[in-house]
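The chain contents come next:
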Amino acid sequence: MGALVIWELSARAGWIDPRFFSQPSAVAAKAAEDISSGLLWEELRITLVRLLTGYVVGSVSGVVVGLALSLDPPMSLRRVASA
């Protein structure tokens, strides 16, 4: 909590460039505005859909490649020879 107070005071005093570190109060105000307008929930939905899509595509392709490699006889021989 003390770090937020120091951050806020430093930003208001002009010691911190607001282009890089906005004031915590400005961030909280924008968050409240986005929540009340519904923008935050829409953006969260889009992010979760993209996250789950990437996870499913990566998982399915990984399983397919793993199965293909396990069914390839030279790969099976290499696995036994290396063990």
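One can find the structure itself at the top, above this paragraph.
Let me sum up the structure you'll find in this document.

Conventions we followed
- Residues numbered from 1 in each chain as written.
- Predicted model: local features only at pLDDT ≥ 70, side-chain atom pairs only at ≥ 80, totals over all residues.
- Heavy atoms only, no water.
- Patch = residues over 30% accessible without salt bridge, like charges linked within 9 Å, V, L, I, M, F, W, Y side chains within 5 Å.
- Areas by Shrake-Rupley, 256 points an atom, 1.4 Å probe, with all protein chains shown as cover.
- Salt bridge = Lys/Arg side-chain N within 4 Å of Asp/Glu carboxyl O.
- Helix = DSSP H or I, 4+ residues; strand = E, 2+ residues; numbered from the N terminus.
- Buried < 20%, exposed > 50% of the residue type's maximum accessible area, 1.4 Å probe, protein only.
- Expected span 1.5 Å × (residues − 1).
- Arc of directions from axis to C-beta.
- Axes fitted to C-alpha atoms, helices over the stretch in contact; angles between N-to-C directions.
- Parallel < 35°, antiparallel > 145°, perpendicular 65-115°, else oblique.
- Contact = heavy atoms within 4.5 Å.
- Nonpolar A, V, L, I, M, F, W, Y, C, P; charged D, E, K, R; others polar.

Among the surface-exposed residues, Met1, Leu4, Val5, Trp7, Leu9, Phe20 and Phe21 lie close enough to one another that they form a single nonpolar patch of about 810 Å² accessible area. With respect to the helices, strands and loops of the structure, Trp7 is situated in helix α1 (residues 2-13). Under the relative-accessibility criterion, Trp7 is labelled partly exposed at 32%.

Turning our attention to the environment of Ala11. Relative to the helices and strands, Ala11 resides in helix α1. Residue Ala11 is classed as buried on the basis of its relative accessible area of 13%. It is 7.3 Å that separates the C-alpha atoms of Ala11 and Ser22, two residues lying 11 residues apart in sequence.

Scanning the model with the defined rule gives five salt bridges in all. Glu8 is the partner of Arg12 in a salt bridge, and the nearest nitrogen-oxygen pair spans 2.6 Å. Of this pair, Arg12 and Glu8 both sit in helix α1, separated by four residues, roughly a single helical turn. Judged by relative accessible area, which is 11%, Glu8 ranks as buried.

Turning our attention to α1. With 12 residues, α1 extends 16 Å between its outermost C-alpha atoms, agreeing within 8% with the 16 Å of an ideal straight helix rising 1.5 Å per residue. Those residues of α1 not exposed but buried are Glu8, Ser10 and Ala11. Projected down its long axis, α1 shows its buried positions confined to an angular sector of 165 degrees, all on one face. Of the residues in α1, the exposed ones pointing more than 90 degrees away from the buried face are Ile6, Leu9 and Arg12.

What follows covers the packing of helix α2 (residues 24-37) against helix α3 (residues 39-71). In helix packing, the relevant descriptors are the interaxial angle and the interaxial distance, both defined with respect to the helix axes. The N-to-C vectors of α2 and α3 enclose an angle of 80 degrees; their axes lie 4 Å apart at closest approach. Considered as vectors, α2 and α3 are oriented roughly perpendicular to each other. The segment α2 lies against α3, with Asp34, Ile35 and Ser37 engaging Leu39, Leu40 and Trp41. Its residues placed into classes, the contact of α2 with α3 shows four nonpolar, one polar and one charged.

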